[in-house]
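Chain by chain, the residues run as shown.
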Amino acid sequence: MSLVSQHQKNRRSGLTLMEVMLAIAIFGLALVAIGELIRIGSVSAAAARDLTEGQRLCNNVMAEVGAGIIPPESASESPIEGSEDWLYTIESAPLEEQEGMLRISVTVEQDKSLFVRPARFTLVRWMTDPAATEAAQAATAAAAESTATGSTSSGGSSTPASSPPTGGSSGS
């Protein structure tokens, strides 16, 4: 064997310093990119969690308005019971197209003083106006009462059911 062929064999037996540094640089850049993706994913997950919580709370407030627990009157930035870092706003307006109906808009938002980017969700629903419902019930009750009063006063010519029959023989 010659000296030249033995030298060529020993030359490629390991990695050079330059190759190791290049591999470490590529690995470092990949770690930075993966770390950024993880950060973006966690921020998006937190935003989705907050939006879901806002939807749930907004639906609860709207259900309370529909049930009459909260009056369907305008309210501004009232804290939600049990979730004090969330505030709700109610906007109520009569519908022009339909008499006796209200357009209720409930907006739930995280407290701006506590959050940099507060989550916000709005739900709009049409409901019957409680005042119109009460007025209709009162009018129906008054009409029923006047009808009942009118029928008893106009029925004076009829004979009572307990009066003895006229004509006929008495069996004494």
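**Student:** Which parts of the structure should I look at to understand the pattern of salt bridges?
**Tutor:** If the charged atoms of two oppositely charged side chains come close together, the side chains can form a pair. Taken as a whole and judged by the stated rule, the model has 5 salt bridges. Between Lys112 and Glu109 there is a salt bridge; the shortest N-O distance is 3.9 Å. Using a relative accessible area of 14% as the deciding quantity, one classes Glu109 as buried. A salt bridge links Arg120 to Glu109; its shortest N-O distance comes to 3.5 Å. One end of the pair, Arg120, is in strand β4 (residues 120-128); the other, Glu109, is in strand β3 (residues 101-110), and 11 residues separate them in sequence. Shared partners join several salt bridges into a network, and the residues in it are Glu109, Lys112 and Arg120.

**Student:** Would you explain the pairing of strand β1 (residues 75-80) in this entry?
**Tutor:** Taken residue by residue, a regular strand's side chains alternate between the two faces of the sheet. Bridge count between β1 and strand β2 (residues 83-94): 4 bridges; the pairing is antiparallel. Bridge pairing in β2 places Ile80 opposite Ser83. Once β1 ends, the chain turns through 2 residues before running back antiparallel as β2, passing Gly82 with a positive phi of about 95 degrees.

**Student:** Explain helix α2 (residues 17-67) to me, please; I cannot follow it from the model alone.
**Tutor:** The terminal C-alpha atoms of α2 lie 75 Å apart, and with 51 residues this matches the ideal 75 Å at 1.5 Å per residue to within 8%. Here α2 has its buried residues at Asp50, Gly54, Leu57, Cys58, Val61, Met62 and Val65. As for α2, its buried residues are in contact with β1, β2, β3 and β4. Positioned one or two residues after α2, Gly68 has a phi angle of 90 degrees, which is positive.

**Student:** Help me understand the nonpolar core, please; the structure alone is not making it clear to me.
**Tutor:** A general tendency of soluble globular proteins is for nonpolar side chains to be buried together. With 16 residues, the main nonpolar core has Ile80, Tyr88, Ile90, Ile104, Val106 and Val108 as its most contacted residues. Taken together, the elements giving at least two residues each to this core come down to α2, β2 and β3. With residues up to four places along the chain from it excluded, the contact list for Val106 reads Cys58, Val61, Met62, Thr89, Ile90, Phe121, Thr122 and Leu123.

**Student:** Quick question: what am I supposed to make of the sheet that holds β3 here?
**Tutor:** As a general point, the strands of a sheet are linked pairwise by backbone hydrogen bonds and lie either parallel or antiparallel. Strand order across the open sheet formed by 4 strands is β1-β2-β3-β4, with antiparallel pairing between neighbours. Every interior strand has two partners, whereas the edge strands, β1 and β4, have only one. In this sheet, adjacent strand axes meet at a mean angle of 25 degrees when their direction is disregarded. Set on the sheet, α2 makes contact with β1, β2, β3 and β4; between it and β4 the angle comes to about 20 degrees.

Rules behind the numbers
Residues numbered from 1 in each chain as written. Predicted model: local features only at pLDDT ≥ 70, side-chain atom pairs only at ≥ 80, totals over all residues. Heavy atoms only, no water. Salt bridge = Lys/Arg side-chain N within 4 Å of Asp/Glu carboxyl O. Buried < 20%, exposed > 50% of the residue type's maximum accessible area, 1.4 Å probe, protein only. Helix = DSSP H or I, 4+ residues; strand = E, 2+ residues; numbered from the N terminus. Pairing = 2+ DSSP bridges. Expected span 1.5 Å × (residues − 1). Contact = heavy atoms within 4.5 Å. Core = buried A, V, L, I, M, F, W, Y, C linked by side-chain atoms within 4.5 Å. Axes fitted to C-alpha atoms, helices over the stretch in contact; angles between N-to-C directions.

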